[in-house]
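# Analysis of the macromolecular model
Chain by chain, the residues run as shown.
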Amino acid sequence: MSDAPAAVPPSPAVVAVLAFAGIVVSLMQTLVIPIVPELPRLLDAPASDTAWAVTATLLAAAVATPVVGRLGDMFGKRRMLLISGVMLIVGSVVCALADSLLPMIIGRALQGLASGVIPLGISIMRDELPAERLASATALMSASLGIGGALGLPAAALIADNFSWHVLFWTSAALGAVAIGLVTVFVPESKVRTGGRFDLVGALGMAAGLVCLLLAISKGADWGWGSGTTIGLFAAAVVILPAWGFFELRTDQPLVDLRTTARRQVLVTNLASIAVASPCSR
């Protein structure tokens, strides 16, 4: 008979804390939307330039999410979760102190780097929770993206109407600090590590392709859909992304496992997340 102590099941608080962290991170996607029309006046910059307060977050999130997920597999998911939370707090403080365009863009980009919290949370749940609780917990974590976006718009509008716009970002920083504190107390570090090497070529190729594509989509209306810049970015994306996919399918340790991503369950979940998030980000 073994004298080893029985494994302690993870606290139910783990799911709640991870979902809360996901909601906090998704809040920052819509946090700035109510003040977008006022940003040219607030930051003394043209409207075409202040739109980068939204675009910078989008680009940073698109690149950071798979990169942070891979680093979590290699070096610890909880560790990367906490680092993502720190990025959110630092970005929020930079925005809260900003009175010009450049610090605002930098802060918003740092906030976007925190977007890996949701996939990291799902990975931690997969490692720590028993099978019978995993499906409902994963659904809740995935739903936090839409919940945060839905809550962010009215909450941000209420704050912007009654307080200085800087309070929006101080609030974001405070929520990020609460999330980090809760993660530190309640979320264990997963013992599941994949090791291996980081796919730097894949990360650079994905970053280049996504930046070209998302820049063309987000700024095409301002630059003109027929402008040389917009067409050039679309053309670059058409060349880079298939080449990146070809490379990822043939490397031993890809940044993104495209075969897994193409599975019906994963693909449908991702498409549903995009459908939920897109209206909230407008």
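It should be noted that the structure appears before, not after, this text.
A short tour of the structure in this document, coming up. (Residues numbered from 1 in each chain as written. Predicted model: local features only at pLDDT ≥ 70, side-chain atom pairs only at ≥ 80, totals over all residues. Heavy atoms only, no water.)

## Structural notes on the overall build of the protein
Across its full length, the protein holds 13 helices and 0 strands. Each helix and strand of the protein, placed in order from N terminus to C terminus, yields the pattern α-α-α-α-α-α-α-α-α-α-α-α-α. Relative to its 282 residues, the protein shows a buried fraction of 41%. Accessible area of the protein: about 13900 Å², with a carbon and sulfur share of 71%. (Helix = DSSP H or I, 4+ residues; strand = E, 2+ residues; numbered from the N terminus. Buried < 20%, exposed > 50% of the residue type's maximum accessible area, 1.4 Å probe, protein only. Areas by Shrake-Rupley, 256 points an atom, 1.4 Å probe, with all protein chains shown as cover.)

## A short note on the packing of aromatic side chains
A full pass over the atoms with the stated rule returns 1 aromatic pair. An angle of 90° between the planes, with centres 6.2 Å apart, marks the rings of Trp165 and Phe169 as edge-to-face. Each member of the pair, Trp165 as well as Phe169, carries the same accessibility label: buried. A cation sits over an aromatic face here: Arg250 above Phe246, 3.8 Å from the ring centre. (Phe/Tyr/Trp six-rings, centres within 6.5 Å; stacked < 30°, edge-to-face > 60°. Lys NZ or Arg CZ within 6 Å of the ring centre and 35° of its normal.)

## Considerations on the pattern of salt bridges
This model, assessed by the stated rule, comprises 4 salt bridges. For Asp127, the salt bridge goes to Lys77, with nearest N and O atoms at 2.8 Å. In this pair, Asp127 is assigned in helix α7 (residues 117-128) and Lys77 in helix α5 (residues 77-97), connecting sequence segments 50 residues apart. We classify Lys77 as buried; its relative accessible area is 2%. For the salt bridge of Asp222 with Lys219, the shortest nitrogen-to-oxygen distance reads 3.5 Å. Taken together, the positions of Asp222 and Lys219, both in helix α10 (residues 200-223) and 3 residues apart, correspond to about one turn of that helix. (Salt bridge = Lys/Arg side-chain N within 4 Å of Asp/Glu carboxyl O.)

## A few points about the environment of Arg79
Within the secondary structure, Arg79 sits in helix α5. In the structure, Arg79 is positioned 109 residues away from Pro188 in sequence and 9.9 Å away in space, judged by C-alpha atoms.

## Concerning helix α8 (residues 131-162)
With 32 residues, α8 extends 46 Å from end C-alpha to end C-alpha; this agrees with the ideal 46 Å at 1.5 Å per step. Its maximal kink placed at Ser144, α8 deviates by approximately 35°. Those residues of α8 that fall on the buried side of the exposure criterion are Ala137, Met141, Ser144, Gly146, Gly148, Gly149, Gly152, Ala156 and Ile159. (Expected span 1.5 Å × (residues − 1). Bend = angle between axes of the 7 residues up to and from the residue.)

## A few points about α10
The largest bend along α10 reaches roughly 40° and is located at Ile217. Within the sequence span of α10, burial applies to Gly202, Ala203, Gly205, Met206, Ala207, Gly209, Cys212, Leu214, Leu215, Ala216, Lys219 and Gly220. On its buried face, α10 sits against α3 (47-50), α4 (52-75) and α11 (228-250). Gly224 sits one or two positions beyond α10 and adopts a positive phi of about 100°. (Contact = heavy atoms within 4.5 Å.)

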